Amino acid sequence: AILAKIFESITPTLFLITLWYFIRRIYNERLAFFVMIAFCSSFSFHLSLLNHIPATLTFILGLLAFEQLFRENPLRSALLLSLCFYTHIGISWFLALSFLFYGLLDKQYRRNCFIVLTAAIFLSLPILFKQLTGVKFIKNLGLSLNEKYILQIKIIDYLLAFFGLLIVFRQAQRYRLFLSFLLASL
């Protein structure tokens, strides 16, 4: 129990530090500052980071994989992306789709994105096979989970996301990564 509490404390902080480092390095300090304000101001987001440690670790690995892609190091990027498949079953596919869409949107990184994606899936074949054989054991828990809040409408978050989308579409060349995250999340 103590180890779980330590990871619940460390993992969200590690994610936020990694996100800040990634945005600052790839874009600029100003955007990193506003991203941190947006992410740190949402208690439910912070709560989901500490309640879903494998997903948070997968996001950390995914950001580092993109960072290695931008540093022109496809081997490290592929290794980090393959670790995502071993860490979380769902978020890894979101990140793989993000790599796919980013490769389709950016000619400069297209070849490396497809190399990273192919290598990561190849390296993940053992776990993907294990997951495929275990699909029959997955059951829909659906209504048996008792959530306290059924619907959360966060007006400020949605307004910020809308303005962010306007900026992404107006400056699509610069913010392709955010556009690929949007397309992967659909």
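Residues numbered from 1 in each chain as written. Predicted model: local features only at pLDDT ≥ 70, side-chain atom pairs only at ≥ 80, totals over all residues. Heavy atoms only, no water.

Peer 1: Tell me about the overall build of the protein, residues and numbers included.
Peer 2: On a plain count of helices and strands, the protein comes out with 10 helices and 0 strands. Along the protein, from the amino end to the carboxyl end, the secondary structure elements read α-α-α-α-α-α-α-α-α-α. Compactness check: the protein gives a C-alpha radius of gyration of 17 Å against a globular reference of 16 Å for 186 residues, within 12% of the reference. Along the three orthogonal principal directions, the C-alpha set of the protein runs to about 45 × 40 × 30 Å. If you take every contact in the protein between residues at least 6 apart in sequence, the share linking residues at least 24 apart comes to 68%. When the accessible surface of the protein is summed, it comes to about 12,400 Å², and 70% of that surface belongs to carbon and sulfur atoms. Charge-centre separation for the protein: the mean point of 17 positive side chains lies 5 Å from the mean point of 7 negative side chains. (Helix = DSSP H or I, 4+ residues; strand = E, 2+ residues; numbered from the N terminus. Rg over C-alpha atoms; globule rule 2.2 N^0.38 Å. Contact = heavy atoms within 4.5 Å. Areas by Shrake-Rupley, 256 points an atom, 1.4 Å probe, with all protein chains shown as cover. Lys, Arg positive; Asp, Glu negative; His and termini not counted. Charge placed at Lys NZ, Arg CZ, Asp CG, Glu CD.)

Peer 1: How would you sum up the packing of aromatic side chains? Please name residues and give values.
Peer 2: Evaluation of the coordinates by the stated rule reveals 20 aromatic pairs. On the basis of an interplanar angle of 75° and a centroid distance of 4.8 Å, the ring pair of Phe 39 and Phe 45 is categorised as edge-to-face. You can call Phe 39 partly exposed: its relative accessible area is 29%. What makes Phe 45 partly exposed here is its relative accessible area of 26%. (Phe/Tyr/Trp six-rings, centres within 6.5 Å; stacked < 30°, edge-to-face > 60°. Buried < 20%, exposed > 50% of the residue type's maximum accessible area, 1.4 Å probe, protein only.)

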